[in-house]
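Coordinates in review
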Amino acid sequence: MLPWQQKLVRAIPPVNAILAAPAVARLMETHARELVVGSVGEAVGALRRRILGATEEAEVAGLNLSLGAIGDEVAAHLAFKLKPRLQRVINATGVVLHTNMGRSPLAEEAVAAITAIASRYNNLELDVATGERGSRYAHVEELLCRITGAEAALVVNNNAAAVLLMLSALCQGKEVIVSRGELVEIGGSFRVPEVMEQGGAILREVGTTNKTHPWDYERAIGAETGALLKVHTSNFQIIGFTEEVTTKEMAAIAHKRGLPCLVDWGSGVMVNLERFGIRHEATMDELIADGADLVTFSGDKLLGAPQGGFIVGRKELVQKCKKHPLTRALRVDKLTLAGIEATLKLYLEPSIAVERIPTLRMLSLSAAAVEPVAVQLAQRLEPVLAPHGFNAQVIDGMSQAGGGSLPGTDLPTKLVAIAHPAPHEVERRLRQQDPPVMVRIGAGQILIDPRTLWPEELALVVSAMERAIV
Ligand SMILES: *Cc1c(COP(=O)(O)O)cnc(C)c1O
């Protein structure tokens, strides 16, 4: 320690004096003593590190070591400690399902159901008609069957869990035939060959990356075969010279040999998206009608529900999954079930589902529907940008479904574009606001896509920009 550093460190008031400072004493009135004492320790530690980290005296010349200034530091440390780490962010990227931003936001109906169930006792495993123990799965099973046309259904923690459970319960020690074009990796940790291994099934690859034919499956079926598995290529597309076997064809091949046809459909789309100009994706009821014996899918992708993994299909197979010991380890909690039930109820009237479920509503917006919001936002940004010499323009662009759904589907949109010499700096500063605002950057411009904004978020974007623009 250099002499000037020693002098400064000695000038830091003792902990007792800091604790007695009026600002700190006030904190003690509303917070536990240990918490405040801990924050004092952190504030003092940070000051010491700044002093010892400086290479010359001038760097720390302005350091305020008064009790008042240190008291403010203590309050800041305490506030930081109490602030939630998991926080709301504003998604101005136009990526509707963003895994890093929590995938599907929930419909208000789902939020209300979660709140009601979370704060009081409930009938999670109680049959109120008989007073006996009930099943937590019963609350949503009938609803799932009605919407998908399946005989039975089960919900677990997420779709990765659903696939693992399905393979463990039905295919342990047996071969499962999968097309080489469908050996996907979803988000790094879910890889079909590895889940297969974990489930105790033996992967039998057929076909090639770009083409798989019905006879590839037929020829691979043998005494060891447990099932045929179809996997949705959720986050990529094979284009060009390609051929895949449809669920209907696969089911027919499987059934001829007395085998189940299993489908991991990932995104879990329940409504026909074609009317929004989006390429057709088979819906769950179509897959069941095509003969799939079990279909698994996620709750928080296109379904727009809380995180969950669904298994729907033939009763006897769902029953085997229910009885498997893994089901207990992968079980969903009451909050998830409450949110899922409320979301599924909206699907009883598909037009209401599109209106009420944010994910579907956002996907359904045409560029013409986004435009007035973009124009309004650009106008509201103008007075914030003009003093810095910048302006906002409305331009054509593309939004994405994202989150392992609808690969290759771009949704025409209108963007608010701000040309800026340091877009990355503004992007970083927008991210540091409360709530953080996430934007895209393209061709040196800051791009804001109103598709994924709620009306009340426009004001938050404007005020964040006011603080972030440089
Ligand atoms: C997203 C996806 C998964 C993983 O689902 P999670 O709900 O994220 O666990 C598995 N398979 C497919 C095909 C997917 O698209």
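Residues numbered from 1 in each chain as written. Predicted model: local features only at pLDDT ≥ 70, side-chain atom pairs only at ≥ 80, totals over all residues. Heavy atoms only, no water.

**Some words on the site of the ligand**
- The environment of the ligand is formed by 13 residues, the closest being A160, S234, D264, S298 and K301.
- Separating an oxygen atom of the ligand from a side-chain N or O atom of S234 is a distance of 2.4 Å.
- Interatomic distance of 2.7 Å between a side-chain N/O atom of D264 and a nitrogen atom of the ligand.
- By residue class, the composition of the shell around the ligand is three nonpolar, seven polar and three charged. (Near = heavy atom within 4 Å. Polar contact = N/O pair within 3.5 Å; in protein donor to acceptor, adjacent residues only side chain to side chain. Nonpolar A, V, L, I, M, F, W, Y, C, P; charged D, E, K, R; others polar.)

**Brief notes about the side chain of S267**
- Locating S267 in the fold gives a position in the loop between β10 (261–264) and α12 (284–289).
- Residues in contact with S267, not counting those within four places in the same chain, are E281, S298, K301, L302, L303, G404 and S405. (Helix = DSSP H or I, 4+ residues; strand = E, 2+ residues; numbered from the N terminus. Contact = heavy atoms within 4.5 Å.)

**What to know about the pairing of strand β4 (residues 152–156)**
- Counting buried positions along β4 gives five out of five residues, so the element sits mostly inside the fold.
- Bridge count between β4 and strand β12 (residues 309–313): five bridges; the pairing is antiparallel. Bridge pairing in β12 links V155 to F310. (Buried < 20%, exposed > 50% of the residue type's maximum accessible area, 1.4 Å probe, protein only. Pairing = 2+ DSSP bridges.)

**Some remarks on the domain arrangement of the protein**
- When cut into domains, the protein gives domain 1 (3–82), domain 2 (90–98 + 363–468) and domain 3 (108–356).
- Here the C-alpha centre of domain 3 lies 55 Å away from the C-alpha centre of domain 1. (Domains from an automatic or database assignment.)

**Topic: the pairing of β10**
- Residues C261 and V263 of β10 are buried on one face, and the alternating residues L262 and D264, pointing to the opposite face, are buried as well.
- Examined bridge by bridge, strand β9 (residues 225–231) and β10 share four bridges and lie parallel to one another. Within β10, the residue paired with V231 across the bridge is D264.
- Crossover connection from β9 via helix α11 (residues 247–256) to parallel β10: handedness right-handed.
- The pairing of β10 with strand β11 (residues 294–298) spans three bridges and is classified as parallel. What sits directly across from L262, in β11, is L294. (Right-handed = clockwise from strand over helix to strand, strands pointing away.)

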